[in-house]
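As a plain string of letters, each chain reads:
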Amino acid sequence: GDYLVTIEEKSKATFLRAYMNWRCMSAGSSRVCVRMVGHKMEESYGETLKEQMSIVEMPLSDPPLCISCCPVNGDLLVGCKNKLVMFCLKYLIINQNLTVLDFERSLILHIDNLIPAEVGFCAGHIAVTTELDVLILKLELVQQSTDGTEQCAHRVSTLEKPVDGGPSTHALQLELDEFIICQKPVELLGEESKLCEIPVTLESTELPTEDTKHFQVQYLLFRRFTPDQSPFGFCEETKLHSVQLLPVYQTAHEETGNKRELLSLFCFFSLPHVGYLYSVGKLVELISTYQYSEKSEQAVLTPQFLHVITSENLQCFTVRCSAAAARDEDPYIDTTVKACPPVALDVCTLRMQLFIGPRAICHFKNHIILLTKANTEDITERRKPTRRMLSRKADSIKSRTNSESEPGWNLYIINTVSTIQLYREMVDYSRTYENVKTESCIHLLSEAHLLVRAAIMDPSFLKSDEKEELLRAFRESCAALGDCYSRFDTKDYHLALPYYRMSGLSMTEVLKRLVSEGDEIQTYERGFIFYLTHSLNEDLNEELSKESANKVLQIFYLADPVQLPNILCSPCMRNVCPLTAMNYLQKVEKIMPSVVLTLTKAFMALKIGDLTMYEHEMDSYKETILACGFIGQPKLLRQHKKGIVTPTEFAVHLKEMQPGLLVAATVALHENSKIELEEADTFFKMLSSNSENTIPQLLVDFWEALLVVCSQEEILQELLLRVTSQYVWRISNKQLPETKALKTTEDLINSCNHFGLIFPWVTSIMSVGSPSDQDYHEDISKLQSLLCSQSINIASVLPVLEPLTEAGNVGLTIHVLCSTRLGKYEEAIDQLLKSCPDAAVLYAQHELKDDNRAVWWNKLLPELCKRTRLAGNDCPVLISSLKAETLSVVATELELRDFLSLLPEDGTAAFFLPHLLHCSQKKQLT
């Protein structure tokens, strides 16, 4: 709201007034309207209100002592004896062309035994100070209870009242007149601040409506100080001053526009010789302490600076608001991607300006408004409240003179230096420390960085004329800090990486900043090596030139030779000279040999084109050890280019010459979480130059090899589904693999539990299959072996097996295997008797055991009898199946009576008689 609120004194009476539309006075209008707060204005006043200033009288039951306006929503807080009164800013719509401002008294906070000296108010947070106490509260919205009532009071326990019976109060007071009573200093943060023994009661004064807000009080901070004491006597001037709540908003973005969203909140208050800055948003904590060179009179806090006036100076200090707010905005800011100077960084005094008799200070945008008085008479009693702690004998206060009649008052408006100009000055000054390599250079650059960061977080940043300059300065400051952490031997050397990343500099540009040209040997600090190591180990879309890559190779050979294999495998080092690399690797191998180093030498030999050297290196270890060696450096086989997995020249060579090693190495990578299943799919597809929808044989070999070692059930079922789909696709489309499979069915059965022995009845069916099936024998037998095991989930693969419905004997074996796994034995027997009766008895012998033996006489015997009757002597297979095995099993298992009941009425006695005799003799024997 555009208004001015004053506390005015006239005829020994104190008034609280708000001046609305006050800019009309500067435009030449002298018309003034006086009205009471909350007074309803008629529409007829509309035209006159546009052209005149309004003075709004705000009556209070107690004289106002101090005021504070909320910078977020314009609400007003007034401090009176034992209470704080809150007025809500209202926008009254008179007509479509006129909206006027007004206030509504909405809430009173009753605080016993408190005479506020100053108050601060912002976004529901209240800071109130007395001479030596600070209390920070937060008004929280609460839900109204179902019966419409609400607990609006928030009290804490207070000390018990003294009981009667002791010395009289008057006598005790006479004794205390000779002493000064000082309470113990206290600091209570968060929940502990409830113990401050200052009860607060809320009284709502709004007319109750559906939109009425209900609050409760949360205590955030309480701090009590003691007066300064010295050998020369007691200092009565120890009083708190300049309490202020400062909001910091979310960084503005183009999509959010001008919308301001509160991010962090800070509270400042000061004693004469020391100031305190607290964060009171998400976490209540002290973030900075300010020591003044002389006694302070008043201070004002901004997001970038703290301005303090003393009796002769205007001082300026740096603040840590932007550092704390940046961490509130992004809790993960202190990572390898982003960084920000620490909140605990020591504050700096920027400059001191001499003024004669500064008395008051305030801040507006890029202006400091300073009120001074030429003579040196002490008039600091303007803020002095009633003293409740000091001796009566010390209350000799000078009478207040009429300031209007006093000469020497001056008002200064001081333009602050622009952020860019001050940033340049700080950066230039930091260069004086560059050669000394002290923390002072980092400190100054950190201050400059925070200065720019605070400007970028300002809500007006998007509309600022300096927007592009500020963004450029931010990147420059990040680059300068990256240089410092790279060049200096500091414990925070790791910060070189995030600052360089935020600067937007490429690796080539960083190398030019830090590495001298020519062949001279430099000393490189940990920060630079840390930056290079992380940058090269990540998949950046940047290729260093041959000269830069060779320089990086030299740097690591001198600073950290163990890292050479990892560095050479980086995509950024693609242009490195392989002969130079081989030379360095051979030197390192003499000191620290390893499998990874040997593989890297083999990789370099391939780049050189020396196959003899390549074979010599690859023969240094057994194939299993080489496969495990790739775990130490997966980039020997695959790299990421623009987020896509790309095979290396090494992988391409292994595919042609040692595909088994390539598959084994990829399995080792997967089992050690170095490559995901989907990544491996892309890797083998790109390696084989196949289309996206075609599965290369090498990928199937990988899946089969992974089945041998995989222990995760979810991945296991996914692999089983994939290999099954591929087998089915090849069989149904009569598609041969482009290369020979690395493992046969027998190999898989011997090495993998998920491939089972193929059942005899399956072999029997396949023995009478068509000759064309022999072309796909491996895929058919692997598929049958999978279904003969207990690992695969049959229900999930049924849709995949659908294309084999009409695939002759292959389809028959698949369907019967599925029916068997699903427990549908009678359906399986029907399929066999219909398509391949020769295998029915073999199937029954293998599958119909234990709990399933009843299927012999309940299903198989009746079906054989039925089909034999219909076929007669034309189907000897049915007769032999019935006579050779079925009747023998049934006769052995059943009682004679049960056996007789199963025999057909029109059966030949001579055919069944031997089995009846066997059944009856079994009974006699038992």
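Residues numbered from 1 in each chain as written. Predicted model: local features only at pLDDT ≥ 70, side-chain atom pairs only at ≥ 80, totals over all residues. Heavy atoms only, no water.

Bringing unusual backbone geometry into the picture now. Although it is not a glycine, K12 adopts a positive phi angle of roughly 60 degrees. Mapped onto the fold, K12 is located in the loop between β1 (3-10) and β2 (13-20). Phi is positive for K734, close to 50 degrees, though the residue is something other than glycine. By secondary structure assignment, the location of K734 is in the loop between α21 (713-733) and α22 (745-751). By relative accessible area, which is 52% here, K734 ends up exposed. (Helix = DSSP H or I, 4+ residues; strand = E, 2+ residues; numbered from the N terminus. Buried < 20%, exposed > 50% of the residue type's maximum accessible area, 1.4 Å probe, protein only.)

Further remarks concern the packing of aromatic side chains. Describing an aromatic ring pair means giving the distance of the ring centres and the angle of the ring planes. Inspection of the entire model under this criterion finds 20 aromatic pairs. When the centroid spacing of 5.9 Å and the interplanar angle of 55 degrees are considered together, the rings of Y292 and F317 count as tilted. Here Y292 is found in the loop between β21 (284-291) and β22 (296-301), whereas its partner F317 is found in strand β24 (residues 313-318), with 25 residues between them in sequence. Residue class for F317 comes out buried when judged on its relative accessible area of 4%. Centre to centre, the rings of Y557 and Y584 are 4.7 Å apart; their planes meet at 40 degrees, and the pair counts as tilted. Here Y584 lies in helix α13 (residues 578-591) and Y557 lies in helix α11 (residues 546-559), a separation of 27 residues in the sequence. The exposure class of Y557 is partly exposed, given its relative accessible area of 26%. Cluster of aromatic residues (ring-pair linked, three or more members): F225, F269, Y276 and Y278. The ring centre of F15 lies 4.8 Å from the NZ or CZ of R17, which sits over that ring. A cation sits over an aromatic face here: K607 above F603, 5.1 Å from the ring centre. (Phe/Tyr/Trp six-rings, centres within 6.5 Å; stacked < 30°, edge-to-face > 60°. Lys NZ or Arg CZ within 6 Å of the ring centre and 35° of its normal.)

Taking 1.5 Å of rise per residue, the 13 residues of helix α20 (residues 697-709) would be expected to cover 18 Å, and the 19 Å separating its terminal C-alpha atoms lies within 8% of that figure. Most of α20 is tucked away: eleven of the 13 residues are buried. Here α20 has its buried residues at Q697, L698, L699, V700, D701, F702, W703, E704, A705, L706 and L707. Close packing links the buried residues of α20 with α17 (649-657), α18 (659-671), α19 (677-687), α21, α22 and α24 (777-788). (Expected span 1.5 Å × (residues − 1). Contact = heavy atoms within 4.5 Å.)

Counted residue by residue, strand β20 (residues 274-280) has seven buried out of seven residues, so it is predominantly covered. Side chains V274, Y276, Y278 and V280 project from β20 onto one buried face, and the interleaved G275, L277 and S279 project onto a second face that is buried too. Looking at chain direction, strand β19 (residues 262-270) and β20 are connected through five bridges and run antiparallel. Following the sheet pairing, F269 is matched in β20 by Y276. (Pairing = 2+ DSSP bridges.)

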